[in-house]
2 protein chains.
Amino acid sequence: MKKNIIAPIVLLILFGSFCSAQTSITEDFKPSTLNQPGKDYPQVNSQGYVRFRIEAPLAQTVTVTLGGKGGTKLTKAEDGSWTGTTDIAMDEGFHYYHLTVDGGVFNDPGALNFYGSVRWESGIEIPAHDQDFYELKNVPHGNVQQILFPSKSTGTSRRAFVYTPPNYYKDQSERYPVLYLQHGWGEDETAWSNQGHANLIMDNLIAEGKIKPFIIVMTYGMTNEVKFGKIKEFDITPFQTVLVDELIPYVDASFRTIATQTSRAMAGLSMGGMETHTITLNKPDVFAYWALLSGGIYKADEIKDKSKVKLIFISCGSRENPDGVKKSVEDLKSAGFNAVSYVSENTAHEFLTWRRSLYQLAPLLFK
Amino acid sequence: MKKNIIAPIVLLILFGSFCSAQTSITEDFKPSTLNQPGKDYPQVNSQGYVRFRIEAPLAQTVTVTLGGKGGTKLTKAEDGSWTGTTDIAMDEGFHYYHLTVDGGVFNDPGALNFYGSVRWESGIEIPAHDQDFYELKNVPHGNVQQILFPSKSTGTSRRAFVYTPPNYYKDQSERYPVLYLQHGWGEDETAWSNQGHANLIMDNLIAEGKIKPFIIVMTYGMTNEVKFGKIKEFDITPFQTVLVDELIPYVDASFRTIATQTSRAMAGLSMGGMETHTITLNKPDVFAYWALLSGGIYKADEIKDKSKVKLIFISCGSRENPDGVKKSVEDLKSAGFNAVSYVSENTAHEFLTWRRSLYQLAPLLFK
């Protein structure tokens, strides 16, 4: 009998706290860490809600793409500013967003911009419980440098960013393996440093002695020449030529790399994973370590020469397709591959998934 | 008699062409080279007029800061877009601008953003007749790299960008002099590469054999901690400490520099010139080459030890204070200094002045 009395009470308490979780927003909002210098808004609270404040006194409607379905509709305050808070807590990590002001798409003047969706978008950062691994700390820092490499196939000087580890300049004798790391559709060669903090992830892993230092090269994957809905029409050939025939030789000639297949990895997120998948299968003599981050899977029967592949790493967010990723890796293992899966908890197709994936991948490379 | 007939006709023709120059806009507009990928607007014509097109169908007013007094007021077209053309031709070179949409300040979604006015602003490039010297060409390219250097005085890891010349990585024995190059008020350490094309100016000068290669270091001058109207209250001490006691030793330890006074220069534009002026006078044992770009002048009696100063370079745009610059340099010469003035024709307090100034300055350094 006692149980029967308690059960409805427990249910009532649970339901009550569920309701309050939906409606009670903690008033501890702080400016986003990705705000432009001196800007108070947008703000983020400890629950992951985001509050916006936009000056546009004569506007009729201001909405923000972040939030639940349809985004967040801001309302006009007495001082002429437009304010509003997302109706849901956002996932931890980085999110792109933009404003619609009277029907026009603009960025939030308070936030820094990041290249995604084939344009520079506003960005916001929801502090993550595990953000320590990508924070800027008082440790020796590697450098991220812009290189302009000649490309005969496209008739251009093309840009790439190269991460060199902290001791690169001090010990002029040491040579390093190289990871070629690709962004996703709508992004470019700036994404892995700006949104991904690839350099800080590496600095921290190296400082903690968790990895042997390596170089990372990030270039534009030419992914945005094709419309998002027509990605299957994407022709890998032009980018494969730029990467394999032009960039890799330039990097090997310009940096102290170990210019061998077993010291070369390729990884990519989302459409960069699709590129990685195709190029590694086409060029098994070039890359020994293959990684797809929210970017599809490998099937064992696609791979011609098993002995060439030192590692296959496949990851995604728990809100994507974790079962598909895990099953693919199990199948690869059964077929005799050194395959590793990783699922980022409580994240979707977004940068915290990929930061965590790089953090998991790096210690497995160049063993 | 003949003369008397011709004179009014000549006057009439001159007046006529003056009027037509004011009103006749050549319809050869092309997308600005600083547009975001795939964006058709803003556009620039061969005369330097700029045409804007902004989507904001429900807006009531859209204005642009570029143009004559009060900027350019856009008008609504039938398709709901807002369009307009500047009422004046803009100076050649780079200009910052932004939109005001219904009273709110936003960037042009068509244009790339550049850090100026203590925010990321839209930027536009008016092709210059002499732009060849800062164009991206098929020549060997140096790299621009982000370094994060430890700063005890501010308790932070601080960012700088370092330009290393094309052969830096190939010939591991060569050491290089260093130019410390400062941005202006409202800008940051990204300005000299993004807006100034300092790296391309160097690449081209080196390719043409016009200079001996050197390294350039660009860091944040902490100039924006003070409001624009109160620049005289600026305290140089914190930045001088970061630059002289923290950054220079870090650069000398991390790069193959020639770590001597005679192989070290400091230059700055606008408020960066003010910083250069103060720091070089305070620290004559650190820098031998001093340059102010639209950033004030030196007086001979400010300089304690003439023998320490290898070069004083002072420049500005012809629409600034060329007479003051020239007079200052004449006075310095009379006082026995190796002083050089440069006036950029038909430019004001803007980046084409400073790109040209760097182009003039570089061959004079480290002789």
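Reading guide: rules and limits
- Residues numbered from 1 in each chain as written.
- Chains lettered and ligands numbered in written order.
- Predicted model: local features only at pLDDT ≥ 70, side-chain atom pairs only at ≥ 80, totals over all residues.
- Heavy atoms only, no water.
- Domains from an automatic or database assignment.
- Contact = heavy atoms within 4.5 Å.
- Buried area = accessible area lost by both parts, 1.4 Å probe.
- Helix = DSSP H or I, 4+ residues; strand = E, 2+ residues; numbered from the N terminus.
- Buried < 20%, exposed > 50% of the residue type's maximum accessible area, 1.4 Å probe, protein only.
- Polar contact = N/O pair within 3.5 Å; in protein donor to acceptor, adjacent residues only side chain to side chain.
- Pairing = 2+ DSSP bridges.
- Axes fitted to C-alpha atoms, helices over the stretch in contact; angles between N-to-C directions.
- Left-handed = near helix turned anticlockwise from the far one by under 90°.
- Nonpolar A, V, L, I, M, F, W, Y, C, P; charged D, E, K, R; others polar.
- Right-handed = clockwise from strand over helix to strand, strands pointing away.
- Expected span 1.5 Å × (residues − 1).
- Salt bridge = Lys/Arg side-chain N within 4 Å of Asp/Glu carboxyl O.
- Least-squares fit on C-alpha atoms with pLDDT ≥ 70 in both.
- 1 Å grid on protein atoms, 1.4 Å probe; cavity = no way out; pocket = protein on both sides within 12 Å on 5 of 7 lines; lining within 4 Å.
- Points joined across faces, edges and corners; volume = space filled by probe spheres on them.
- Bend = angle between axes of the 7 residues up to and from the residue.

## Brief notes about the domain arrangement of chain A
All names here are of chain A.
Then, number 1: Parsing chain A into structural domains produces domain 1 (25-127) and domain 2 (132-364).
Then, number 2: If you average the C-alpha positions of domain 1 and of domain 2, the two centres end up 31 Å apart.
Then, number 3: Taken together, the contact pairs 14 residues of domain 1 with 18 residues of domain 2.
Then, number 4: In total, about 1,200 Å² of surface goes out of reach between domain 1 and domain 2, with carbon and sulfur atoms giving 49% of it.

## So, the side chain of A:Asn107
Then, number 1: Structurally, A:Asn107 can be placed in the loop between strand S10 (104-106) and strand S11 (113-116).
Then, number 2: Owing to a relative accessible area of 12%, A:Asn107 belongs among the buried residues under this scheme.
Then, number 3: Within the structure, the side chain of A:Asn107 is placed 3.3 Å from the side chain of A:Asn113, a separation counted as a polar contact.
Then, number 4: A distance of 2.7 Å separates the side chain of A:Asn107 from the backbone oxygen of A:Trp120, its partner in a polar contact.
Then, number 5: With sequence-adjacent residues up to four places away left out, A:Asn107 is seen in contact with A:Tyr97, A:His98, A:Leu99, A:Asn113, A:Arg119, A:Trp120, A:Glu121, A:Ser122 and B:Phe106.

## Some details on the sheet that holds strand S8 (residues 93-97) of chain A
For sheets, the rule is that strands pair by backbone hydrogen bonds, running either parallel or antiparallel.
Residues and elements named next belong to chain A.
Then, number 1: Pairing is antiparallel in the open sheet, where 3 strands are placed in the order S8-S12-S11. Whereas interior strands pair on both sides, the edge strands pair on one side only; in this sheet they are S8 and S11. Put simply, the sheet's adjacent strands are angled 50° from each other on average, direction ignored.
Then, number 2: Packed on one face of the sheet, helix H7 (residues 351-361) meets S8 and strand S12 (119-126) and runs near 145° to S8.

## Section: the packing of helix H3 (residues 198-207) of chain A against H7(A)
All names here are of chain A.
Then, number 1: With their axes 10 Å apart at the nearest point, H3 and H7 run at an angle of 35° to one another. The interaxial crossing formed by H3 with H7 has right-handed handedness. In this structure, H3 uses Ala198, Ile201 and Leu205 to contact H7, whose residues at the interface are Arg355, Leu358 and Tyr359.
Then, number 2: Across the contact of H3 with H7, the residue classes tally to 5 nonpolar, no polar and 1 charged.

## A few points about the pairing of strand S20 (residues 339-344) of chain A
Within a regular beta strand, the side chains point alternately toward one face of the sheet and then the other, so they alternate between its two faces.
Residues and elements named next belong to chain A.
Then, number 1: Sheet topology note: the strand S19 (residues 311-317)/S20 ladder contains 6 bridges and is parallel. Of the residues in S20, the one forming a bridge with Phe313 is Val340.
Then, number 2: As for the winding sense of the linkage, the β-α-β connection from S19 through helix H6 (residues 322-334) to S20 is right-handed.

## Comments concerning helix H5 (residues 271-282) of chain A
Residue and element names in this part refer to chain A.
Then, number 1: Helix length check: H5, at 12 residues, gives a terminal C-alpha distance of 17 Å against a target of 16 Å (1.5 Å per residue), a fit within 8%.
Then, number 2: Counted residue by residue, H5 has 9 buried out of 12 residues, so it is predominantly covered.
Then, number 3: Buried positions along H5 lie against strand S15 (178-182), helix H4 (237-254), strand S17 (264-269) and strand S18 (289-293).

## Regarding the pattern of salt bridges
Side-chain pairs of opposite charge can arise where the charged atoms are in close proximity.
All names here are of chain A.
Then, number 1: This model, assessed by the stated rule, comprises 34 salt bridges over all chains.
Then, number 2: With a shortest N-O distance of 3.1 Å, Asp252 and Arg264 are connected by a salt bridge. Separated by 12 residues along the polypeptide, Asp252 in helix H4 and Arg264 in strand S17 bring together distant segments of the chain.
Then, number 3: The exposure class of Arg264 is buried, given its relative accessible area of 8%.
Then, number 4: One connected set of salt bridges, linked through shared partners, spans Asp132, Lys137, Glu208 and Lys210.

## Notes on the relation of the copies chain A and chain B
Then, number 1: Rotating chain A by 180° about the axis while translating it 0.0 Å along that axis superimposes it on chain B, leaving an RMSD of 0.0 Å. In the structure described here, the two chain copies are related by an operation that fits a two-fold rotation axis. When C-alpha positions in chain A are compared against the rotation axis, the closest is assigned to A:Gln145, at 1.7 Å.
Then, number 2: The share of interface residues of chain A whose copies in chain B are also at the interface is 100%, consistent with both copies meeting through the same surface.

## What to know about the environment of B:Val343
Residues and elements named next belong to chain B.
Then, number 1: Turning to its location among the elements, Val343 is positioned in strand S20 (residues 339-344).
Then, number 2: Judged by relative accessible area, Val343 falls into the buried class, the value being 14%.
Then, number 3: The spacing of Val343 and Leu293 is 50 residues in sequence and 9.8 Å in space, taken between C-alpha atoms.
Then, number 4: Every residue in contact with Val343, bar those within four places of it in the chain, is listed here: Cys316, Gly317, Ser318, Pro322 and Lys326.

## A closer look at the layout of surface pockets
Residues and elements named next belong to chain A.
Then, number 1: Approximately 830 Å³ is the volume attributed to the second largest pocket.
Then, number 2: Every residue lining the second largest pocket is counted, 34 residues in all, and those nearest its centre are Phe228, Ser270, Glu320, His349 and Trp354.
Then, number 3: If you list the elements that add at least two residues to the lining of the second largest pocket, you get S8, H5, S19 and H7.
Then, number 4: Of the residues forming the lining of the second largest pocket, the biggest block, 3 residues, is contributed by S8.
Then, number 5: Taken together, the residues of the lining of the second largest pocket sort by class into 16 nonpolar, 13 polar and 5 charged.
Then, number 6: Residues lining the lining of the second largest pocket come from more than one domain, with at least three contributed by each of domain 1 (25-127) and domain 2 (132-364).

## Let's talk about the interface of chain A and chain B
Then, number 1: Across the contact, 47 residues belong to chain A and 47 residues belong to chain B.
Then, number 2: Here chain A meets chain B over a buried area of about 3,600 Å², counting both sides, of which 52% is carbon and sulfur.
Then, number 3: Counting across the chain A and chain B interface gives 0 salt bridges.
Then, number 4: Linking chain A to chain B there are 16 residue pairs in polar contact (both at pLDDT 80 or more).
Then, number 5: Among the secondary structure elements, those contributing two or more residues to the side of chain A that touches chain B are strand S3 (50-55), strand S9 (99-101), S10, S11, S12, strand S13 (143-151), H3 and H4 of chain A.
Then, number 6: Counting residues per element, the side of chain A that touches chain B draws most heavily on S13(A), at 6 residues.
Then, number 7: Here the side of chain A that touches chain B is built from residues that sort into 25 nonpolar, 16 polar and 6 charged.
Then, number 8: Taken together, the 3 bridges between S13(A) and strand S13 (residues 143-151) of chain B define a ladder with antiparallel strand orientation. Paired with A:Gln145 across the strands is B:Gln145, a residue of S13(B).

## Regarding the environment of A:Ile201
All names here are of chain A.
Then, number 1: Tracing the sequence through the fold places Ile201 in helix H3.
Then, number 2: With relative accessibility at 0%, the residue Ile201 sits in the buried group.
Then, number 3: Sequence separation between Ile201 and Ser315 is 114 residues, and the spatial gap between their C-alpha atoms is 17 Å.
Then, number 4: Among all residues touching Ile201, those that are not within four sequence positions of it are Phe133, Tyr134, Gly196, Arg355, Leu358 and Tyr359.

## Considerations on helix H4 (residues 237-254) of chain B
Residues and elements named next belong to chain B.
Then, number 1: Taking 1.5 Å of rise per residue, 18 residues should cover 26 Å, and H4 covers 24 Å from first to last C-alpha, within 8% of that figure.
Then, number 2: Considering bend angle alone, the principal kink of H4 is centred on Leu247 and spans about 35°; proline Pro249 follows within four residues of it.
Then, number 3: Listed as buried for H4 are Phe239, Gln240, Val242, Leu243, Val244, Glu246, Leu247, Ile248, Tyr250, Val251, Asp252 and Ser254.
Then, number 4: On its buried face, H4 is in contact with S13, strand S14 (156-164), strand S15 (178-182), strand S16 (215-219), strand S17 (264-269) and helix H5 (271-282).

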